[in-house]
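# A look at the structure
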Amino acid sequence: YTLLFDKRYQEKDSVISSIHTKVKGVAQTDKWIWDTAEYTIPMQASLKLISKQYLTSIYTFRCFSDNPFANDFCSSDSSCIKDSVDQQSNGIRTGRCVNYNATVKTCEIMAWCPVESQKAAPVPAVLKSAENFTVLIKNNIHFPKFNYTTQNIPQNFNASCTFNKITSPLCPVFRLGDILQAANQNFSEMAVEGGIIGIEINWDCNLDLMDHCRPHYGFRRLDDKSTSKYPGFNFRFAKHYKQQNGVEQRTLIKAYGIRFDVLVFGTAGKFDFIELVMYIGSMISYFGLAVFVIDLYISYCSCCKSPVRIYHYKKKYETVQNPRRVMYVSYVDKPHVTLIKEPLRTSLQHAEGKVIESHLEKFSDSVGCCTGNSDKDSVMKGREMQPLRMETAFPRAGLEWCHCGKCQKTEKLHEQLCCRREEGKCITTSPLFERLVLSRDNLKDALLYKEPFLDLNSRNVNDKLRRCAFKQYIHWRFGSFDLEDRAVIPSCCRWKIRNTYPKDGGNYTGFKAI
């Protein structure tokens, strides 16, 4: 959805824009005829529609404020510091304290006199009929990356049209009353103290299609009309002239009005193969979150059944373990595999470990093809591991950790492991051990199954048969070849295999599948 409808396969570019406005309309008041030059002040990307208050003043040294504030009051000349300026004052102090009236004195200032009085905005607005004025907005845009230029005035432009969101959505001529109505404002109320209206022009251009780059207009009020101290919008400016007697005079104009800010936004897009490949690649990477979500759901969701959660936990635990720091052991009289962490503080036989639910597999096809020499072997093929039950007590070999009487003495803790957890027959005495682990014919067939042209008459054939016997035992007792590097073979089984297929010189190293 995002790729197609959000056009993420496109290369994007931002708009560069210029604005030009023209207002048309004439209004009449009791004392004046208002045309375009009277009520508009064009600015970059905006225009002002104003009504005015006039105050004619003369530049003089003897003046005081018509509305003095607290800092203007004085009792003597010492209270008025010469050449000082107060932020709220209209001029520079002369240093004299003069009478404001019969009871109050204020500091005299050097300013344009009389100073501006604090009068409220005229009600009703002087230009309340200006809502019927129209404004033409010319907007030229350019996308430099694609060298594409266009404007908002259509080729078949009708100068007598007026913008309407439904009937004339592309007309660039706007009635001021309609603009304020679209911004949910009342023109008559807003014209009294003024305000700021935003005219938004949004260009969303798809340059892969012809004639698919058109403006969309929107309107909203930008200033906060709820502000009580400085409501609306107004500003001041002056016009200067000299009288015949040489006295310089000015007319101060305080203008209330509505300012229209034209705001242009826009992007253009065009197909780009690199953008398409990068977006598809980044989206594919999000699929990695699926592992995290599923793991979180199985681990913490109460809806997930307990066997599934346990199976997931076991697999996850087995995956994150460091193979160099854990060992797996299997006892013939226990139906599970035990995980023991290193380092050892006692014999491996007595070390405490964590019981892992065994996932024993059927004996592999490679082994099956090797045990097909007799009917008895074919019956045993595919049988899962079962613990051998102890029938009679078997004498120990004088070792505390040995329960089968067949283990060899060693001082290394990680080699002190018996095939049984409790006293009983050694697994090496079982017929299945002879057929699956020690049978020379079966082991040769297993080797040839993997390497059909292996030379079995070489001098080191015993080394290969011994290693193959270790692997056959691991697959039989642990259910998988994956544990080959972490499974520990009991002392009795290890030495039984070594004695059957001895190494030249009799020097053995290691205690696992070696």
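Residues numbered from 1 in each chain as written. Predicted model: local features only at pLDDT ≥ 70, side-chain atom pairs only at ≥ 80, totals over all residues. Heavy atoms only, no water.

### Details of the sheet that holds strand β17 (residues 337-341)
Formally: By the convention used here, strands pair only if DSSP detects at least 2 bridges between them. The secondary structure listing takes helices from DSSP runs of H or I that are at least 4 residues long and strands from runs of E that are at least 2 residues long, numbered from the N terminus. Interaxial angles span 0 to 180 degrees and are taken between N-to-C directions of axes, which are lines fitted to C-alpha atoms, for helices over the stretch in contact.
Spatially, the 3 strands line up as an open sheet ordered β16-β17-β18, and their pairing is antiparallel. A single partner strand is all that each edge strand has here, and the edge strands are β16 (326-330) and β18 (354-356). Ignoring strand direction, the axes of neighbouring strands in this sheet form an average angle of 35 degrees.

### Quick word on a nonpolar patch on the surface
Counted only if it meets this: For patch building, the residue pool is restricted to those with more than 30% relative accessible area and no salt bridge; the joining distance is 9 Å between like charges and 5 Å between nonpolar side chains (Val, Leu, Ile, Met, Phe, Trp, Tyr). Only the protein chains shown count as cover for residues, and the accessible areas themselves come from Shrake-Rupley with a 1.4 Å probe. Counted as salt bridges are all cases of a side-chain nitrogen of Lys or Arg within 4 Å of a carboxyl oxygen of Asp or Glu.
On the surface, M283, Y286, L289, F292, V293, L296 and Y300 cluster together into a nonpolar patch covering about 780 Å² of accessible area. Element by element, the count of residues in the nonpolar patch is highest for helix α6 (residues 289-300), at 5 residues. Note that V293 resides in helix α6.

### Focus: the UniProt feature "transmembrane region" (unreviewed entry) in the protein
Short version of the rule: UniProt positions are given in the numbering used here, feature names are shortened, and annotations may be inferred rather than shown by experiment.
As annotated by UniProt and renumbered to match this structure, "transmembrane region" (unreviewed entry) occupies residues 276-300. Annotated as residues 276-300, this span is 88% helix and 0% strand, and its ends, taken at the C-alpha atoms, are 38 Å apart.

### Structural notes on the pattern of salt bridges
Convention followed: Classification of residues uses two cut-offs on accessible area relative to the type maximum, computed with a 1.4 Å probe and protein chains only: under 20% is buried, over 50% is exposed, and between them is partly exposed.
One pass over the full model with this rule turns up 9 salt bridges. Between D72 and R93 there is a salt bridge whose closest N-O contact spans 4.0 Å. Within this pair, whereas D72 is found in the loop between β6 (46-63) and β7 (92-99), its partner R93 is found in strand β7, the two being separated by 21 residues in sequence. No difference in accessibility class separates D72 from R93, as the two residues are buried. One salt bridge in this structure joins D261 and R259, with 3.0 Å as the shortest N-O distance. For D261, a relative accessible area of 12% gives the class buried.

### Let's talk about the packing of aromatic side chains
Remark: the centre distance and the inter-plane angle together describe each pair of aromatic rings, the angle taken between the planes. How we decide: The rule is short: rings of Phe, Tyr and Trp, with Trp giving its six-membered ring, pair when the centres are within 6.5 Å, and they are stacked under 30 degrees, edge-to-face over 60, tilted in between. Over a ring means this: the NZ of a Lys or the CZ of an Arg is within 6 Å of the ring centre and within 35 degrees of the ring normal.
Scanning all chains against the criterion turns up 12 aromatic pairs. Ring geometry for F174 and Y217: centres 5.0 Å apart, planes at 70 degrees, overall edge-to-face. Residue F174 is located in strand β11 (residues 173-175), and its partner Y217 is located in strand β13 (residues 215-221); the two are separated by 43 residues in the primary sequence. Between F233 and F235 the ring centres are 5.8 Å apart and the planes differ by 45 degrees, which places this aromatic pair in the tilted class. Feature note: the residues F163, F174, Y217 and F219 constitute an aromatic cluster, connected by ring pairs. We note R477 situated over the ring of W476; from NZ or CZ to the ring centre the distance is 5.3 Å. Positioned over the ring face of W495 is R498, at 4.9 Å from the centre of the ring.

### Re the pairing of β7
In this structure, β7 lies alongside strand β8 (residues 105-113), joined through 5 bridges in antiparallel fashion. Bridge pairing in β8 places C97 opposite C107. Hairpin geometry of β7 and β8 is characterised by an intervening segment of 5 residues between the two adjacent antiparallel strands.

### Some points on the pairing of β13
Remember that side chains alternate between the two faces of the sheet whenever the strand is regular. Of all 7 residues that make up β13, 5 are buried, and the element is covered over most of its length. Here 7 bridges tie strand β12 (residues 195-206) to β13, and the two strands are oriented antiparallel to one another. Across the sheet, residue G198 finds its bridge partner in β13, namely R220.

### Remarks on the state of the cysteines
The following threshold applies: The rule for a disulfide is simple: a pair of cysteine sulfur atoms within 2.5 Å.
Going through the model one piece at a time under the given rule, you end up with 4 disulfides. Note on cysteine connectivity: C74 is disulfide-linked to C97, with sulfurs 2.0 Å apart. Across the S-S bond linking C74 and C97, the dihedral sits near 95 degrees, which makes this disulfide right-handed. Of the two residues, C74 is situated in the loop between β6 and β7 and C97 in strand β7; the sequence distance between them amounts to 23 residues. Exposure remark for C74: the relative accessible area of 13% places this residue in the buried category. Bridging C161 to C171, the disulfide has an S-S length of 2.0 Å. Taking the torsion about the S-S bond as the criterion, the C161 to C171 disulfide, at about 85 degrees, is right-handed. Of the two residues, C161 is situated in the loop between β10 (148-151) and β11 and C171 in the loop between β10 and β11; the sequence distance between them amounts to 10 residues. Accessibility classification places C161 together with C171 in one group, the buried group. C493 carries a free sulfur, and the closest cysteine sulfur to it, the one in C492, is 4.0 Å from it. Judged by relative accessible area, which is 0%, C493 ranks as buried.

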